Amino acid sequence: MSKIEHHILQKNDSERKFNHFFCKNKIVKKTIIILCNILILIGLVTIGIRNDVHETKLYVQENLNQIKKAMNTLAFRNQRYASTVTKAINELKNQQLQALVTIHYYPQLKEFGFNRGIYSDNLLNGTLLGPGQPNEYIQNDTHIFALLDDLWAEQQHHAITYNYYYISHALEYFYLSSKSNAINFNATKKFFSSPKYQDQRSESQPVTSLYNGFYYTAPYLDFFSNRMVITIKSPVYNKDQVIGDIGVDIPVKSLLSSITLPNKLKSSLNLYLYDVNKKKRIDIFKGYNHTLLPSIQVYTRLSNNILIHANISSAFFISFAIQIITFGVLILIALNYMNATLRKYKYQKQYYQLEAYTDQLTGLFNRRVLDTVIQETLEENRKINKPISIIVFDANDFKTINDTYGHDIGDLALKHISSTISDITRDSDICIRLGGDEFCIILPNADLEQALLMADRLELAIFSSYFCHYHIKVAISTGCTVIKANENLHDALIRADKALYQNKKNKSENRKALQQQLKNYVFKSPPSFSKKE
């Protein structure tokens, strides 16, 4: 093993120091190993639960956002319906039109309408409800009912349940989106005089809500279905005056159907709406009842006043912690067994350490050693006041070889250069492929004269033989320098590189000298060419 390889392995081998410190006391060593295993197990449980809580929160949050997305889809569609009806009302306001259907009066109920289980044979799909006698102005609105039927009949795919309606503030009636057997319903008059009606109509909403084109009501008990619903409303205008609202009622309980939850998580989840103004909670789904254990809260804002909340029971994560502990113990047993077994394969680790500093094509060191091990070598030689020389060289006309014969032949040329370097240099010399056809040799304990002599030997040895079946040779140009005191490696390489390119100008003459040297079979002493540092 060379000195530089020893440096690389020693730099990365912290296990040797650890074993040296504890090897005298096996009890202490075993105690530390057990404590480390316990700490690792605690860490695994902590990290596992933390990640599981985070992932579960994200999953539940995504489901809450899915509810919000579904409701916003209905809201924007409802807004479009309101704009369409507003336009139609303004176009029909000055026209005298014949009613599309017969509007009936029900004396016993003191209400008017159609499709209530009595006289249901008309072509409109919805149900009309209104208190008292119908007036003449409602005849034109039957054309609006037909338009609403067409809008509400659009193909829609939603997991949640909903029901559209149109309420006229001017004429005081409801038009529901489906036929409803409301023969026993007699609360219309009461509704139009109730505070709930006054509070929920568009005219009572803030200007910002009307500017958005829709708004959400707080959850309330619906007159018709007797269920807790949340309503999305959009105003209908006649000129600048609000004359009605188009709304979509969404039962609170149906919001659960728009999300997908595993049964295990579902049983550990409480889902509810929260009215910020009234500080009131409206349950959507209740998966657990215990209150002793803390819960994790996730919520999203549906509107300024309405939040969708989800409380996740901590019991859900306790069962997961038990699984992690069991899994962690098995993992630690396996890891300790593997640690005892894999010690015999330490050489493989050393191989990979060296591989990180090795060029794969040539087998020489790569330029990573310049910033790590070479710096240590420089410091050692400076302490003992020994010179260090550098030879930088590259292949002449290497691009021509690649372009003429292909990159495979170019690789053979590089391998020929690297193998010759390895054969000629000392064990203490550090041979590096800088990249492409550029190479560098660090010569510890060598002055400039010795470096120039080594460069001459390299040039002759590399040029002396063919490296492939095409019978071509490769020549190199070199540049040598000595690293000065207190000089960094980068500056020395720059000076050597300048010397290389200065000498490269004489590459034709050098090639002739090499050929003459080979022709005369002079190998007893290396050639001497005129070079500059």
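This is a predicted model, so every value here is computed, not measured.

Our focus in this paragraph is the side chain of S268. For S268, the location among the structural elements is in the loop between α8 (263-266) and β10 (269-275). Apart from residues no more than four positions distant in its own chain, S268 is found in contact with Y288, N311, I312, S313 and F316.

A few words now on the nonpolar core. Membership of the largest hydrophobic core comes to 61 residues, with the highest contact counts inside it found for M71 and Y166. Sort the elements by how many residues they give to this core and helix α3 (residues 26-92) lands first, with 14 residues. Non-local contacts of M71, meaning those with residues more than four positions away in its chain, are made with I160, Y216, I230, I232, I250, L255 and L302. Residues I391, I441, C468 and C480 belong to the second largest nonpolar core, which totals 29 residues.

Here K279, not a glycine, exhibits a phi torsion of approximately 50 degrees, which is positive. With respect to the helices and strands, the residue K279 is situated in the loop between β10 and β11 (280-286). Residue classification places K279 among the exposed residues on the basis of a relative accessible area of 67%. Phi is positive for H471, which is not a glycine, with a value near 55 degrees. By relative accessible area, H471 is classed as exposed at 59%.

A few words on helix α16 (residues 489-504). Taking 1.5 Å per residue as the helical rise, α16 with its 16 residues ought to reach 22 Å, and the 22 Å between its terminal C-alpha atoms agrees with that figure. Residues of α16 that are buried: L489, A492, L493, A496, A499, L500, N503 and K504. When α16 is viewed along its axis, its buried side chains cluster within an angular range of 140 degrees and face the same direction. Counted as exposed and oriented over 90 degrees from the buried face of α16: H490 and K498. The N-cap of α16, judged by a side-chain oxygen 3.2 Å from the amide nitrogen of H490 a few residues on, is N488.

This part takes up the packing of aromatic side chains. Tallying each qualifying case throughout the model produces 17 aromatic pairs. Here Y162 and Y164 contribute two aromatic rings whose centre-to-centre distance is 5.6 Å and whose plane-to-plane angle is 80 degrees, an arrangement assigned as edge-to-face. For Y164, a relative accessible area of 2% gives the class buried. An angle of 80 degrees between the planes, with centres 5.3 Å apart, marks the rings of F316 and F317 as edge-to-face. Here the aromatic residues Y81, F114, F145, W152, Y162, Y164, Y166, Y173 and Y175 are joined through ring pairs into a cluster of three or more. Its guanidinium or amino end placed over the ring of F285, K266 lies 5.4 Å from that ring's centre, counting from NZ or CZ. Seen from the ring of Y272, R281 lies directly overhead, with NZ or CZ sitting 3.8 Å from the centre.

About the thresholds
- Residues numbered from 1 in each chain as written.
- Predicted model: local features only at pLDDT ≥ 70, side-chain atom pairs only at ≥ 80, totals over all residues.
- Heavy atoms only, no water.
- Helix = DSSP H or I, 4+ residues; strand = E, 2+ residues; numbered from the N terminus.
- Contact = heavy atoms within 4.5 Å.
- Core = buried A, V, L, I, M, F, W, Y, C linked by side-chain atoms within 4.5 Å.
- Buried < 20%, exposed > 50% of the residue type's maximum accessible area, 1.4 Å probe, protein only.
- Expected span 1.5 Å × (residues − 1).
- Arc of directions from axis to C-beta.
- Polar contact = N/O pair within 3.5 Å; in protein donor to acceptor, adjacent residues only side chain to side chain.
- Phe/Tyr/Trp six-rings, centres within 6.5 Å; stacked < 30°, edge-to-face > 60°.
- Lys NZ or Arg CZ within 6 Å of the ring centre and 35° of its normal.

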